[in-house]
Structures are given as C-alpha cells and as structure tokens.
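Residues per chain are reported as follows:
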Amino acid sequence: MNDQEFGFETKAIRTQLERTQYLEHSVPLYLSSSFVFEDAEDMRASFTEEKDRNIYSRFSNPNTTEFVDKICKMEGAEAGYAFATGMAAVYSTFAALLNAGDHIVSASSVFGSTHALFVTYFPKWNIETSYFDINKPETIESFIKPNTKILYAESPTNPGVDVIDLELLGTIAKKHNLILIIDNCFATPYIQQPIKYGAHLVVHSATKLVDGQGRVLGGVTVGNADLIRQIYLFSRNTGPALSPFNAWILSKSLETLAVRVEKHCENALKVAEFLEAHPNVNSIKYPFLKSHPQYEIAKKQMLLGGNIIAFEIKGGIEAGRKFLDKIKLCSLSANIGDTRTIVTHPASTTHSKLSEEDQLAVGITQGLVRVSVGLETVKDVIADLEQALS
C-alpha cells in the first residue's frame, strides 16, 4: 500500500527509521552530537548538501527526522523542522521569514509569549504587528498593508479557546499573497489539519498533547518545503534544535496520540457540560458545546473539541485564586495536554506579567480559568471542580 492510503494511526505507528543491522523492532535512541564520514570526498559532499545525510545533531539527527516525518504525514506537509520548545518553533519561524520593515496581521487571542514577541521584541527590528478581533473576521482584510507578509492565528486559541475559520484565513492569504501560519497546538493533527484549508505552515508545541505526559519540551514547524528550507537554514545557524532524546520520546508518544486525544476529548466534553450548568460559572467556552460562539466553524474543521476548556468564574481574580487553593485532585501547573487534569488561572499566573489591558487584548478576563482535561476517571475530575467551585 502507498503511505497516503494508510490511516492516521498506522502512519503514527509505522513511520519509522530503517532498521539497523541489529534488526530492532523499536527505533533506537541516537544520542550522538555528530556523525562520521567515510573519507574526505564524503565529508565534502555532505557539507555541500550533494548528499542527504546526518552531519551534526544541530542540523539533523535520525530521531528528530523520524519525529518530523510523522508530523508531516499527519498534517499533510511537505517538510518540517523540530525545535527545543514550542516557542523556539514560533520565534524561529517568524525570524527566518521576516525582514526589517515587514508587517504581521495576527488574531489578538494568542499565547502570552507570542504576544510578547509581537509587542516587545519584533518592534526592535522594525517589524510591526496588527491585531484583529477573532470575533470580527470580516475586519481582517482592513489590517493588511502593502508590507504585510504573514497572517497568523491559533485555533483554538490559548487560553480563551476561541475558534477561527481556517478556510476564510486561507482565502484571505491567497488573495493577498500572504504566508498563512497556524498554531495547531490545542487541536493536534489528529483533530485538525490547517494545510487542508490553505495554511502554508503549521506550528506545534510538542510539549503539550503530542508528548501527553508532561515529560519533555519540544516544538515543530511543518508545511511548504521552500519556506521550511528558510527556517532550516536559520535554525541550523542559530541552534534551537530539538534534542535526540526528546525527539525519541515524542516520536514514541505520537504512536498513541489518536487514542489519547479521543479520551481527552470525551472527558472534556463531560466536564464542559458540568461547568455550563454550574451556578458559579458566568460563561464557558468549549468548541463542541453548542453555546460556543464559533460552534459551527469548530464542527466544520475539527474532528473533536479538544481537551481545553475556558470558563469565567463569578467573583473575578480573587474568586479565581480561591478556586485554585481549593483544588485537591487536579494539578496547578502552567502546562496543558497532560494525562493529569491541570487547572490554571491565567490572569494571576501564566499571563500575570501582562497589563490588564494587554490581558484583555488576548482574551483574558480576571475571572478566566483554563482547564486542561486529562485522562483520569472523569467523575473524579468533576467532583474536584465541584467542591472547589462551591
């Protein structure tokens, strides 16, 4: 059978490096900083890229190659590059493609560190960003300038769990000759494949659901081969490469991504339904609740609703802190996508360094609580949330 005919799970499990002379069944870990050459000519041809082979693990490594190949097949991408963290992937992708004087149009609801890049660091290099309201997609084109180069969004967003129409973004990017970059971290390639809708590049923090057990950091960007080539050359020289060990862990994790995500989403929907009916919850966002403002869009482009819930607790920031203090079973952590359910109050923790104005700009209210629903028995998770809300 052709690789394209295989199902998602088969690609995740059976995309492997060639076996060594030892005929191992599970791919080994290649903990090597560098690789040797047969002779001077082999070394010359390798460095001039006449030969496609491993030279140095900052450039490539067998384990990172396998991990990237799996993500590419899952996302329908031509090529990719793996990074030490999700933010290394975000930063390096932008830095490789942008020049001084370029302009970014981005959804306003973005991860706090991405927001910091846009408003604190990129302006130092004369790169500007304009934010559009994710709830007003009809305004996107009004932000596009002659020097706009990239259109960027997360969907669903972190931490507000908003959803944007990827097909609409693809149409706008094509019309204005923009590079469309989508952060697909919350959805994973199992739930959503942005390239189908016109994305040129897809970014993931592999630290989250891709790993799924809170063990290692990692990031990856996949998509158009010509764009990835620019990202690869930038990264080869600046050094944000994923370690072989983390790549090995993440590649193994992808083998169970589908079954894990199915259960995460099943649990999350039950938790969301519980929260929606709770008297101490002002509002809730979960993509597969009919009350979500972008429910129809989510159903169109997502297989499942994901494992992240955002809800507004009555009483603002103090109520949020008290809620966290009463949590017993769930974890208080800044991570998401773990087997263990994690509860976070972004305004007082992950996004506390932002002003209240900037928090609101990225969709964070004082009473917003983010829940990353894990794989525990769901009634136990609900019981913990219920006693903390009481």
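Keep in mind that this is a model prediction, so the values were computed, not measured. (Residues numbered from 1 in each chain as written. Predicted model: local features only at pLDDT ≥ 70, side-chain atom pairs only at ≥ 80, totals over all residues. Heavy atoms only, no water.)

## So, the pairing of strand β5 (residues 179-183)
Definition in use: Only protein chains enter the accessibility calculation, which uses a 1.4 Å probe. A residue is then buried if its area is under 20% of the maximum for its type, exposed if over 50%, and partly exposed in between. Helix and strand definitions here come from DSSP, where helices need a minimum of 4 consecutive H or I residues and strands a minimum of 2 consecutive E residues; each element is numbered from the N-terminal end. Each pair of strands is called paired provided DSSP finds at least two bridges between the two strands.
Counting buried positions along β5 gives 5 out of 5 residues, so the element sits mostly inside the fold. Of the two faces of β5, both are covered, the one formed by Ile-179, Ile-181 and Asp-183 as well as the one formed by Leu-180 and Ile-182. With 5 bridges joining them, strand β4 (residues 148-154) and β5 adopt parallel strand pairing. Paired with Glu-154 across the strands is Asp-183, a residue of β5. One ladder, built from 3 bridges, connects β5 with strand β6 (residues 201-205); its direction is parallel. Paired with Ile-181 across the strands is Leu-201, a residue of β6.

## Concerning the pattern of salt bridges
Keep this limit in mind: Any Lys or Arg side-chain nitrogen located within 4 Å of an Asp or Glu carboxyl oxygen qualifies as a salt bridge.
Applying the stated criterion across every chain yields a total of 18 salt bridges. The salt bridge involving Arg-44 is made with Glu-50; its shortest N-O contact spans 2.9 Å. Taking relative accessible area as the criterion, Glu-50 reaches 54% and is therefore assigned exposed. Three or more residues joined by partner-sharing salt bridges are found here, namely Glu-41, Arg-44 and Glu-50.

## Section: the sheet that holds strand β12 (residues 368-372)
Test applied: It only takes one pair of heavy atoms within 4.5 Å for two residues to be counted as in contact. Simply put, an axis is a line fit to the C-alpha atoms, just over the touching stretch for a helix, and the angle between two N-to-C directions goes from 0 to 180 degrees.
Spatially, 5 strands are ordered β8-β9-β12-β11-β10 in an open sheet, and the strand pairing comes out mixed. What marks the edges here is a single partner per strand, and that holds for β8 (281-285) and β10 (331-332). Bridge analysis of strand β9 (residues 308-313) against β12 gives 5 bridges, and the strand direction is antiparallel. Following the sheet pairing, Ile-308 is matched in β12 by Ser-372. Each of β8 and β9 is contacted by helix α10 (residues 257-276), which is oriented at about 10° to β9, the strand it contacts most. Contacts from helix α12 (residues 316-326) reach β9, β10, β11 (342-344) and β12, with the element oriented near 125° to β9.

## Some remarks on the environment of Leu-31
With respect to the secondary-structure elements, Leu-31 resides in the loop between α1 (8-14) and α2 (40-47). The spacing of Leu-31 and Asn-63 is 32 residues in sequence and 9.0 Å in space, taken between C-alpha atoms.

## Thoughts on helix α3 (residues 62-75)
Formally: For a helix, the expected span equals 1.5 Å multiplied by the residue count minus one. The term polar contact refers here to a pair of N or O atoms within 3.5 Å; inside protein, the definition further demands a hydrogen-donor-capable atom paired with an acceptor-capable atom, and it admits residues adjacent in sequence only when both atoms are side-chain atoms.
The first and last C-alpha atoms of α3 sit 20 Å apart over 14 residues, in line with the 20 Å expected at 1.5 Å per residue. Of all 14 residues in α3, 11 are buried; the element is thus mostly enclosed. Among all positions in α3, only Pro-62, Asn-63, Thr-64, Glu-66, Phe-67, Val-68, Lys-70, Ile-71, Cys-72, Met-74 and Glu-75 are buried. Capping of α3 at its N-terminal end is provided by Asn-61; its side-chain oxygen lies 2.8 Å from the backbone amide nitrogen of Asn-63. At the exit of α3 stands Gly-76, carrying a positive phi of roughly 75°.

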